[in-house]
Amino acid sequence: MGRADGEAGTRVGTDAVREDAADAADGSGDRRREQRGWYFYDWACSVYSTSVLTVFLGPYLTSVAESAADGRGYVHPLGVPVRAGSFFAYSVSLSVIVAVLVMPLVGAAADRSGRKKPLLGAAAYTGAAATTAMFFLGGDRYLLGGALLVVANAAQSVAMMLYNSYLPQIAPPEERDAVSSRGWAFGYASGSLVLVANLVLYTAHDSFGLSEGEAVRVCLASAGLWWGAFALIPLRRLRDRRAPARQASAPGFRQLAATVRDMRRRPLTLAFLLAYLIYNDGIQTVISQASVYGSRELGLGQSTLITAILLVQVLAVAGALALGALARRHGAKRTILGSLAAWTLTLVAAYFLPAGAPFWFFVLAAGIGLVLGGSQALSRSLFSHLVPPGKEAEYFSAYEMSDRGMSWLGPLLFGLTYQLTGSYRDAIISLVAFFVIGFALLARVPVARAIRDAGNPVPERI
């Protein structure tokens, strides 16, 4: 590239960044309309996280694997002996590894082309289709269930990476905690609404002429249909931004290598990602394994589990908004640290829960609900301040890799602990390490300096 071409490319890139900044700072109705459309992707996809990953698929896929197990309780995918009770956790781990391989390519393509929306649509509808196909999971088809879980969970990770990367483009710095928290609140409200319908269908399945297994499969498939239907709203309202020319010459893994080199020049951003990687792994594992713990270790029925998860969803709406308000008063970092301390106490309480006692499981669910949404929403908004302008998708690819990329470690530790000890209590208490280490690492990050190093204005409270 010649000098003139380089200067022209720099001007185009600068113009694109200024255009995005002007859009974010603009108080027009178009910006609010785009924000509302953005909220609706959380409304669309959170049903998968709630009804599928958290409530129904874990216990159901475990029972399918158990029906296919040999006399010692093992299944043999690809000839590898796996305890049936660990198959779901291992499948979640595999899905995360697949997502880690795909996300950098998609993130680089999104920033290079400036066309996030078509990629978001492709990922969303791949996940929705795989989730809908879970209707055909039954009998001893545990391999089908594992394959669909891998596809759906990986697609969800890619879609969330693209979705999150819109946040710094649609909200100025002073609005991001609130906008991010509202997005999570929309998702938990959606999860609550659909869980009520799931609870009615599951508990009254005989009245609908369905067996218990058929009712579960309908609930799984309906989550995929919901995901696909409501994804239309953000795909209509969100808009693509022009890509800076400086990114156009670095396709695929070359862009990933450039992103890694760029992030190495911002060690404080990397320090935050490391802390987030650790504590969020604990959060994701609790979410995905809570129903297995409740059903297998505590002996609770499916209706009790659904009611508990519904309680989590309802309180998470209030919790996300309440922690967002606390962040405006005390700063996002302090609020996140407080939530991590609460997560640690919650897991210790979970270890001592008596079996067959729904009341105490509901108390535990209430504690999780109050900190769940806020800790995730504030982490997302805090990271958005650490993203250099014009590099949203590639940096949020790294963020989502931190979100999902080490989330195989928590399920793997959970599954291995159970395989070695045969105790889900030992498995659940092992997750405390993620919150303690994450707290210590986050406490050491000077976030105001990290924001300045990224070239962004520092909010009054952070």
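Residues numbered from 1 in each chain as written. Predicted model: local features only at pLDDT ≥ 70, side-chain atom pairs only at ≥ 80, totals over all residues. Heavy atoms only, no water.

K.L.:
In this structure, what is going on with a nonpolar patch on the surface? I would like to understand it.
P.N.:
Where nonpolar side chains cluster on the molecular surface, the patch consists of Leu 94, Ile 97, Val 98, Leu 101 and Val 102 and spans about 400 Å² of accessible area. Mapped onto the elements of the fold, Ile 97 is located in helix α3 (residues 87–113). (Patch = residues over 30% accessible without salt bridge, like charges linked within 9 Å, V, L, I, M, F, W, Y side chains within 5 Å. Areas by Shrake-Rupley, 256 points an atom, 1.4 Å probe, with all protein chains shown as cover. Salt bridge = Lys/Arg side-chain N within 4 Å of Asp/Glu carboxyl O. Helix = DSSP H or I, 4+ residues; strand = E, 2+ residues; numbered from the N terminus.)

K.L.:
Any chance you could explain the packing of helix α11 (residues 267–297) against helix α16 (residues 409–421) here in plain terms?
P.N.:
Two numbers describe how α11 lies on α16: the axes approach to 8 Å, and their chain directions differ by 55°. Between α11 and α16, the angle falls in the class oblique. The handedness of the crossing between α11 and α16 is right-handed. Every residue of α16 that contacts α11 at Asp 281, Thr 285 and Gln 289 is listed here: Leu 409, Gly 410, Pro 411 and Phe 414. (Axes fitted to C-alpha atoms, helices over the stretch in contact; angles between N-to-C directions. Parallel < 35°, antiparallel > 145°, perpendicular 65-115°, else oblique. Left-handed = near helix turned anticlockwise from the far one by under 90°. Contact = heavy atoms within 4.5 Å.)

K.L.:
How do you make sense of the pattern of salt bridges when you look at a structure like this?
P.N.:
For side chains bearing opposite charge, pairing can occur when the charged atoms are close. Tallied over the entire structure, the rule returns six salt bridges. In this structure, the salt-bridge partner of Arg 32 is Glu 175, at a minimum N-O distance of 3.2 Å. With Arg 32 in helix α2 (residues 29–67) and Glu 175 in the loop between α6 (167–170) and α7 (176–203), the pair connects residues that are 143 residues apart, well separated along the chain. Accessibility expressed as a relative area gives 33% for Arg 32, which makes it partly exposed. When its relative accessible area of 14% is taken as the criterion, Glu 175 is described as buried. The partner of Glu 34 in a salt bridge is Arg 239, with the nearest N and O atoms 3.9 Å apart. With Glu 34 in helix α2 and Arg 239 in the loop between α9 (232–237) and α10 (252–264), this pair connects stretches of sequence that are 205 residues apart. (Buried < 20%, exposed > 50% of the residue type's maximum accessible area, 1.4 Å probe, protein only.)

K.L.:
Could you clarify how one ought to interpret the environment of Asp 262 in this entry?
P.N.:
Inspection of the secondary structure assignment puts Asp 262 in helix α10. Classification of Asp 262 by relative accessible area gives buried; the value is 4%. Here the alpha-carbon distance between Asp 262 and Pro 388, two residues 126 residues apart in the chain, equals 9.8 Å. When neighbours within four sequence positions are excluded, Asp 262 is seen to be in contact with Pro 388, Lys 391 and Tyr 395.

K.L.:
Explanation requested: the packing of α7 against helix α12 (residues 302–330) in the structure shown.
P.N.:
For any two helices packed against each other, one specifies the crossing angle of their axes together with the interaxial distance. Here α7 crosses α12 at 165°, and the two axes come no closer than 9 Å. Here α12 runs roughly antiparallel to α7, going by the angle between their axes. In this structure, α7 crosses over α12, and the sense of that crossing is left-handed. The class makeup of the residues in the contact of α7 with α12 is 18 nonpolar, 10 polar and three charged. (Nonpolar A, V, L, I, M, F, W, Y, C, P; charged D, E, K, R; others polar.)

K.L.:
For this particular structure, what's the right way to read α2?
P.N.:
An α-helical segment advances 3.6 residues per turn. Residues three or four places apart therefore align on the same side. The first and last C-alpha atoms of α2 sit 55 Å apart over 39 residues, in line with the 57 Å expected at 1.5 Å per residue. Where α2 bends most, at Leu 57, the angle is about 55°, and the proline Pro 59 comes one to four residues later. In terms of burial, α2 is largely enclosed, as 29 of its 39 residues are buried. (Expected span 1.5 Å × (residues − 1). Bend = angle between axes of the 7 residues up to and from the residue.)

K.L.:
I would appreciate a short explanation of the nonpolar core in the present structure.
P.N.:
General note: in soluble globular proteins, nonpolar side chains tend to be found buried as a group. Counting residues in each nonpolar core, the largest one holds 135 residues, and the members touching the most others are Trp 38, Tyr 41, Leu 57, Phe 272, Trp 343 and Phe 383. Looking at this core, the element that brings in the most residues is α2, giving 17 residues. Ignoring any residue separated from it by four or fewer positions in sequence, one finds Leu 57 in contact with Ser 51, Val 52, Thr 62, Phe 88, Met 134, Leu 137, Leu 149 and Leu 220. (Core = buried A, V, L, I, M, F, W, Y, C linked by side-chain atoms within 4.5 Å.)

K.L.:
What is the right way to read the packing of aromatic side chains from this model?
P.N.:
Under the counting rule described, the total for this entry stands at 24 aromatic pairs. Each ring, one from Trp 43 and one from Phe 186, has its centre 6.4 Å from the other, and the planes form 70°; the classification is edge-to-face. Residue Trp 43 is located in helix α2, and its partner Phe 186 is located in helix α7; the two are separated by 143 residues in the primary sequence. Under the relative-accessibility criterion, Phe 186 is labelled partly exposed at 27%. Every member of this aromatic cluster is reached through a ring pair, and the members are Trp 38, Tyr 39, Phe 40, Tyr 41, Trp 43, Tyr 163, Phe 186, Trp 226 and Phe 230. Directly above the ring of Tyr 74 sits Arg 72, whose terminal nitrogen or CZ lies 4.7 Å from the centroid. (Phe/Tyr/Trp six-rings, centres within 6.5 Å; stacked < 30°, edge-to-face > 60°. Lys NZ or Arg CZ within 6 Å of the ring centre and 35° of its normal.)

Honestly, it's all geometry; don't read function into it.
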